[in-house]
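Residue-level structural notes
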Amino acid sequence: MSSFLGKMLNVDLTTGKIETTIIPREWARQYTGQKGLGARILMDSFDPLIDPLSPENKIVLTASVMAGTIVSSSAKLAISTKSPQTGTITDGSIGGHFGAELKYAGFDAICISGKADNLSCLYLDPEKAEILPVSDLKGVGTFETEIRIKKLVGDSQAKVLANGPAGENRVPFSCISTERYRQLGRGGIGAVMGSKNLKAIAVRGWLEVEVPDMEECLRVVKEIHETDGVIDPENEIYTDGTPILVDFCQESGLLPTANFQEGTFDSFENVNTAAMKEIRQAKKACYSCAIACGNYLKGKQHEVEGPEYETIALCGPNLRNDSKDRIVEINALCDDLGLDTISTGSVLAYMMEMTEKGLYDFGIRFGDTEKAVNIVRHIAFKEGLGAEAAMGVRALSEKYGGQEMAMHVKGMELPGYDPRGSWGMGISYATAPRGGCHMTAYAIEAEAWGDLDPFTYEGKAKLVCDLQNAQFAKFSMGVCDFWPISSETLARLYSVTFGGDWTGTEVDFIGERIFNLQRVFNVMAGFDHTDDRLPGRLHNENLKAGPPKDVPMPYESMTVSLDEYYQIRGWDSQGRPTPEKLKDLQIEDVFIDQYRAYIELS
Amino acid sequence: MPLRVKKATCTGCKLCQLACSGWHNGAFNPEKARLKVSHKYDKSGIQISISYCNQCGKCVDTCQVEAISLNGSWVLVDHSKCIGCKTCLETCPLDAVHYDGKDKSVICNLCEGSPRCVEWCPKGIIYLKEKKSLTGRAANE
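Conventions adopted
- Residues numbered from 1 in each chain as written.
- Chains lettered and ligands numbered in written order.
- Predicted model: local features only at pLDDT ≥ 70, side-chain atom pairs only at ≥ 80, totals over all residues.
- Helix = DSSP H or I, 4+ residues; strand = E, 2+ residues; numbered from the N terminus.
- Buried ≥ 20, exposed ≤ 12 C-beta atoms within 10 Å, placed from the backbone.
- Contact = placed C-beta atoms within 7 Å.
- Domains from an automatic or database assignment.
- Nonpolar A, V, L, I, M, F, W, Y, C, P; charged D, E, K, R; others polar.
- Pairing = 2+ DSSP bridges.
- Axes fitted to C-alpha atoms, helices over the stretch in contact; angles between N-to-C directions.

Concerning the overall build of chain B
Helix and strand counts for chain B stand at four helices and eight strands. Within the span of chain B, comprising 141 residues, buried residues form 36% of the whole. In chain B, the share of contacts with a sequence separation of at least 24, taken over all contacts with a separation of at least 6, comes to 52%.

Spelled out as structure tokens, the structure:
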């Protein structure tokens, strides 16, 4: 008995064919579940050069092996696809209850390809799977979509992934929502769903999830919950949630302000955790999560689960917006329309700076939050200025200039940590498979908030490699980022749920394998070391306050550090994994052979 | 010692249902848990409702075949007597009676005094209310 079920639902929206296939148990050993299994399934018979918005692209939903069990914070669902925002492989994870519900429906994964003729919803439960027409939901926001889908399938306890109008209109940074309060924000998965005419995915389950030895499982998990901080009432992720990072980032001088022109914000106390707590209504948890990071807030006119730190940073200080009500409003709008708040904040900030510097007049300046809200409303429908903003900062800067101030890596807008205040974060952003992402290696904890010197690259290549490997394993096992769990503890949890006798070293090895597999995808999609670059501003302009004040972060030093990074990873000087390295990582021969043929030709 | 729940502060994690089903059924399945946590999302936000047995004894009174009894602290169901008529399910005011695959009534027995839901609730939202002492004050209040 195992919490891995070995079953996947395959759906071809073009033909309407739905079938169940077996997932080899070996894949769960090699890649575990969630992120890792998603990459493995996506790359099975897949051409990385395809157009992300074509019917040939796939959307792969993967639950974690531990989802549905009693392990805290383990039920996040991953969705993997080729990103229309970056052209890389991308995956995002979404909290709430969908991941566990998928397991109770009897599946570890769903793989969706093709394109439906009309706007559709995929529904599955243990007895049936069907594609339902939902043309009446065209242009409807995610909140209402979810309510109407539950009515359509006749079950208020069904779990729904809802796409908004932004995804329908293929905005490259469109996100999807579940249960009104959780989003899969990054990489444009909403646009891929939109390109497939897929408005929602709903699941309901009532089957069991088994483990090898229930008594042992309960004993080990209980002990870990009690000793690893997840039930600690003083845990700041519970008492405050991510808004606590506003104070940390301000103090470290890396809080993005006015489109990363500055790293401190004079009015930060208007938008920090203390300010947000004043309007907090309740705490909420995702499935099986003992921590409960979720904050439910009510602004003057809008309510939202959040805002999380990234939303506060990018839609607050980065726009010179010191109104928490406006942040709540933008957050609620983005969630309902299906827009990633990080990218939305970043593109607005770019337009504001371009206007202020006289490079192009978008008619909006820093602090013009009413105008910002108006643009947000139009991004999802690609109307007026919203149509410009919907391009994202990379495409917009290619059209209007100001590429120095287009804050993205590989087309994905940067999150809320200025790497000039924590240089390891720069390597992390540059090498993250999906572009400007903070989730693959949170080096800031060891640097700006830890013992390491934040203003040097020395030792950072190794630090970032180790963190990335550990994070990729942790996410693949489905554990939320907000549980700072060790690989050894993960190994114990995997042993009592999947089965076997795992070690921390094996867990890290799995993480390294998955990281390399994603890099293989990107190399075959045409990426190399020249894409591992930060926006020019970060190297050419110094911050003017806080600890990073007047400390230059030279481009040349970073390229030296990246060379070291490739060497540690066992990649060649162009940042490409060598076939020998892939062999060492025990990646299957079928991938290695294809990859070898590709790099020999290129 | 009946169960009590501070509903307003429940975060909706469902660890109580997982502990209940894991302990009693040998597998994780919230549908089979003896207490139920439901989420409802509407324009006013997220509403969480919890249904659980408070040992009121109504099922004991209405059972036609005397399969249900109260042992002083918790409810006992004698499956050799239960005929699956579902009278208990229909009369339970708290929606706390469940039916298992064998069509027999399943009611919370407080894990015979050590409820796993209480043990696993990470926020202390589910608790056992102490019996009133001789002075009329609850021991834990």
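Moving on, there is more to tell.
Points about the domain arrangement of chain B
Residues and elements named next belong to chain B. The domain architecture assigned to chain B consists of domain 1 (1-52 + 112-126) and domain 2 (55-107). Of the residues lining the interface, ten residues belong to domain 1; the matching set on domain 2 comes to ten residues. Class assignment for the residues of the side of domain 1 that touches domain 2 results in four nonpolar, two polar and four charged.

Section: the environment of I112 of chain A
All names here are of chain A. Counting through the fold element by element, I112 comes out in strand β6 (residues 109-113). Separated by 102 residues in sequence, I112 and N10 place their C-alpha atoms 6.1 Å apart. Those residues in contact with I112, other than ones at most four positions away along the chain, are V11, L13, K58, I59, L122, K196 and L198.

Concerning the interface of chain A and chain B
Across the contact, 29 residues belong to chain A and 21 residues belong to chain B. Broken down by secondary-structure element, the contributors of at least two residues to the side of chain A that touches chain B are α4 (142-153), α7 (214-227) and β13 (280-284) of chain A. By residue class, the composition of the side of chain A that touches chain B is 16 nonpolar, five polar and eight charged.

So, the environment of V271 of chain A
By the element assignment, V271 of chain A lies in the loop between α9 (245-252) and α10 (273-277). Residue class for V271 of chain A comes out buried when judged on the 26 C-beta atoms lying within 10 Å of it.

Topic: the sheet that holds β13 of chain A
Residue and element names in this part refer to chain A. Read from one edge to the other, the open sheet built from three strands follows the order β13-β14-β15, with strand pairing classed as antiparallel. The sheet is open, and its two edges are formed by β13 and β15 (303-305), each paired on a single side. The sheet shows a mean angle of 15° between the axes of neighbouring strands, taken without regard to direction. The sheet contact formed by strand β14 (residues 294-298) and β15 spans three bridges and is antiparallel. In the sheet register, L297 faces β15, and the bridge partner there is V304.

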